[in-house]
Amino acid sequence: MSQADKRTLIIFCDFDGTITTKDNIIAIMKQFAPDGWEEIKDDILAERISIREGVGRLFSLIPVEKKQEIIEFVLKQAEIREGFEPFLTYLKENDITFKVVSGGIDFFVQPVLEPYDVLEDLYCNGSDFNQDTITITWPHQCDQFCTNDCGCCKPSILRQYPDEEYYKIVIGDSITDLQAAKQADEVFACDNFLLEKCQELGLNHSSFSTFYEVIESLKQKKEVTSR
Ligand SMILES: [Mg+2]
Ligand SMILES: [Zn+2]
């Protein structure tokens, strides 16, 4: 961010594997899905089916009666990455806009984020428990510029914030963050997958393992811009 850059800083942060240290969908499937779910996961990773189709099929394997049990399971096993709460405090104190962009599902993402006062800034998928098995709904599908059938389309969300007005930072770990990272002004990657992609593509990026490191980078940026 150069001195002349007067754009508003906005942060788009992934949930699974970024705010939490592990992927909750995979943990849920291991615990609750019948045999056969791994094939669907492999099809997603190999891009034989879209993320939207795959995630929809995965949850359709699980009876709606399991809802409460899944929530309790996720709350119990989800580990929040170190420094997340101080990071949010820093953002608030400095008036920096923060959005969570998650390919996770509302019924387990919201309970995990509940203590952190960020639910108003959460983009994620929805859920419907009126059938026999869990139905996923998609309030943030791809816009006309994305053909990936993402489910929760991170690049489409970034496009809602004009490039001329916003300096966009993407924080993430994996494949679902890649398209958003390509559009960002700056990327923070906490996993080798996204890190290597950023290197390959020559994106403006840094690696981190705790949110304290992200705070430090933002502080330095602020010093530069206010000088
Ligand atoms: Mg992730
Ligand atoms: Zn998309």
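Small disclaimer: the values here were computed from a predicted structure and weren't measured.

S.K.: Can you help me understand the side chain of Asp 16 in this one?
M.R.: Tracing the backbone through its elements, the reader meets Asp 16 in the loop between strand E1 (8–13) and helix H1 (24–32). With no salt bridge to any partner, buried Asp 16 finds its closest opposite charge in Lys 154, at an N-O distance of 7.9 Å. In this view, Asp 16 contacts Lys 22, Asp 23, Asn 24, Ile 25, Ser 102, Gly 104, Phe 108 and Asp 173; residues no more than four positions away in its chain are not counted.

S.K.: Please explain the coordination of the zinc ion (ligand 2) as it appears in this structure.
M.R.: Four donors placed tetrahedrally about a metal ideally form angles of 109.5 degrees, and six donors placed octahedrally ideally form angles of 90 or 180 degrees. Of the protein atoms, only Cys 142 (SG), Cys 146 (SG), Cys 150 (SG) and Cys 153 (SG) coordinate the zinc ion (ligand 2), at distances of 2.3 Å. Here the zinc ion (ligand 2) binds 4 donor atoms, and the angle range of 107 to 111° at the metal identifies the geometry as tetrahedral. All donors of the zinc ion (ligand 2) come from a single chain, and their spacing in sequence reads C-x3-C-x3-C-x2-C.

S.K.: Would you mind going over the packing of H1 against helix H3 (residues 51–59) with me for this structure?
M.R.: For any two helices packed against each other, the geometry is given by the interaxial angle and the distance between the axes. Put simply, H1 and H3 touch, their axes get as near as 11 Å, and they point 35° apart. The chirality of how H1 crosses H3 is left-handed. In contact with Ile 25, Ile 28 and Met 29 of H1, H3 contributes Val 55, Leu 58 and Phe 59. When its residues are assigned to classes, the contact of H1 with H3 shows 6 nonpolar, no polar and no charged.

S.K.: Is there a simple way to explain the pairing of strand E2 (residues 97–105) in this structure?
M.R.: Put simply, side chains in a regular strand alternate between the two faces of the sheet. With respect to burial, E2 is a largely interior element, 7 of its 9 residues being buried. Summarising the sheet, E1 and E2 pair through 4 bridges and their orientation is parallel. In the strand pairing of E2, Phe 12 is matched with Lys 99. Where E2 and strand E3 (residues 122–128) come together, 3 bridges link them in parallel fashion. Looking at E3, one finds that Val 101 is bridged to Tyr 123. Between E2 and its parallel partner E3, the chain crosses via helix H6 (residues 106–113), and the hand of that crossover is right-handed.

S.K.: Would you mind going over the sheet that holds E2 with me for this structure?
M.R.: The strands that make up a sheet are held in pairs by hydrogen bonds between backbone atoms, and each pair lies either parallel or antiparallel. Pairing within the open sheet is mixed, and its 7 strands lie in the order E4-E3-E2-E1-E5-E6-E7. Each edge of the sheet is formed by a strand with only one pairing partner; in this case those strands are strand E4 (135–137) and strand E7 (205–207). Sheet twist, expressed as the average angle between the axes of neighbouring strands with direction ignored, equals 25°. Judged from the 6 bridges that link them, E1 and strand E5 (residues 166–172) form a sheet pairing that is parallel. Considered in E5, the bridge of Ile 10 is made with Lys 168.

S.K.: Any chance you could explain the packing of aromatic side chains here in plain terms?
M.R.: Each aromatic ring pair is characterised by the separation of its centres together with the angle its planes make. Scanning the model with the defined rule gives 14 aromatic pairs in all. Here Phe 12 and Tyr 161 contribute two aromatic rings whose centre-to-centre distance is 5.5 Å and whose plane-to-plane angle is 65°, an arrangement assigned as edge-to-face. Remark: Tyr 161 occurs in the loop between helix H7 (154–159) and E5 and Phe 12 occurs in strand E1; sequence separation between them is 149 residues. Relative to Phe 211, the ring of Phe 208 has its centre 5.7 Å away and its plane inclined at 45°; by these criteria the two rings are tilted. For Phe 208, a relative accessible area of 5% translates into the label buried.

S.K.: Help me understand the environment of Ser 207, please; the structure alone is not making it clear to me.
M.R.: Relative to the helices and strands, Ser 207 is located in strand E7. With relative accessibility at 45%, the residue Ser 207 sits in the partly exposed group.

S.K.: Any chance you could explain the side chain of Thr 210 here in plain terms?
M.R.: Along the chain, Thr 210 turns up in the loop between E7 and helix H10 (211–226). Aside from chain neighbours lying at most four places away, what touches Thr 210 is Arg 81 and Glu 82.

S.K.: Just to check I follow, could you spell out the nonpolar core for this structure?
M.R.: Most often, soluble globular proteins have nonpolar side chains that are buried together. Judged by nonpolar contacts, the single largest core of 56 residues is most densely connected at Ile 28, Phe 59, Phe 87, Phe 98, Leu 113 and Ile 171. The residues touching Phe 59, leaving out its near neighbours within four places in the chain, are Ile 25, Ile 28, Met 29, Ile 105, Phe 107, Phe 108, Thr 133, Ile 134 and Ile 136. With 20 residues, the next largest nonpolar core counts Ile 10, Leu 178, Ala 181 and Ala 189 among its residues.

S.K.: What should I look at first to understand helix H5 (residues 84–93) in this one?
M.R.: One full turn of an α-helix is made of 3.6 residues, so residues set three or four places apart face in the same direction. Those residues of H5 lying buried are Phe 84, Phe 87, Leu 88, Tyr 90 and Leu 91. One side of H5 holds all its buried residues, which, seen down the axis, span an arc of 160°. Relative to its buried face, H5 has exposed residues pointing more than 90 degrees away, namely Lys 92 and Glu 93.

Reading the values: rules and limits
Residues numbered from 1 in each chain as written. Chains lettered and ligands numbered in written order. Predicted model: local features only at pLDDT ≥ 70, side-chain atom pairs only at ≥ 80, totals over all residues. Heavy atoms only, no water. Helix = DSSP H or I, 4+ residues; strand = E, 2+ residues; numbered from the N terminus. Buried < 20%, exposed > 50% of the residue type's maximum accessible area, 1.4 Å probe, protein only. Lys, Arg positive; Asp, Glu negative; His and termini not counted. Salt bridge = Lys/Arg side-chain N within 4 Å of Asp/Glu carboxyl O. Contact = heavy atoms within 4.5 Å. Donors = N, O, S within 2.8 Å, 3.2 Å for Na, K, Ca; no water. Tetrahedral: all angles 85-135°; square planar, octahedral: opposite > 155°, others 65-115°. Axes fitted to C-alpha atoms, helices over the stretch in contact; angles between N-to-C directions. Left-handed = near helix turned anticlockwise from the far one by under 90°. Nonpolar A, V, L, I, M, F, W, Y, C, P; charged D, E, K, R; others polar. Pairing = 2+ DSSP bridges. Right-handed = clockwise from strand over helix to strand, strands pointing away. Phe/Tyr/Trp six-rings, centres within 6.5 Å; stacked < 30°, edge-to-face > 60°. Core = buried A, V, L, I, M, F, W, Y, C linked by side-chain atoms within 4.5 Å. Arc of directions from axis to C-beta.

Note that every value here comes from positions in space, so none of it alone points to a role or purpose.
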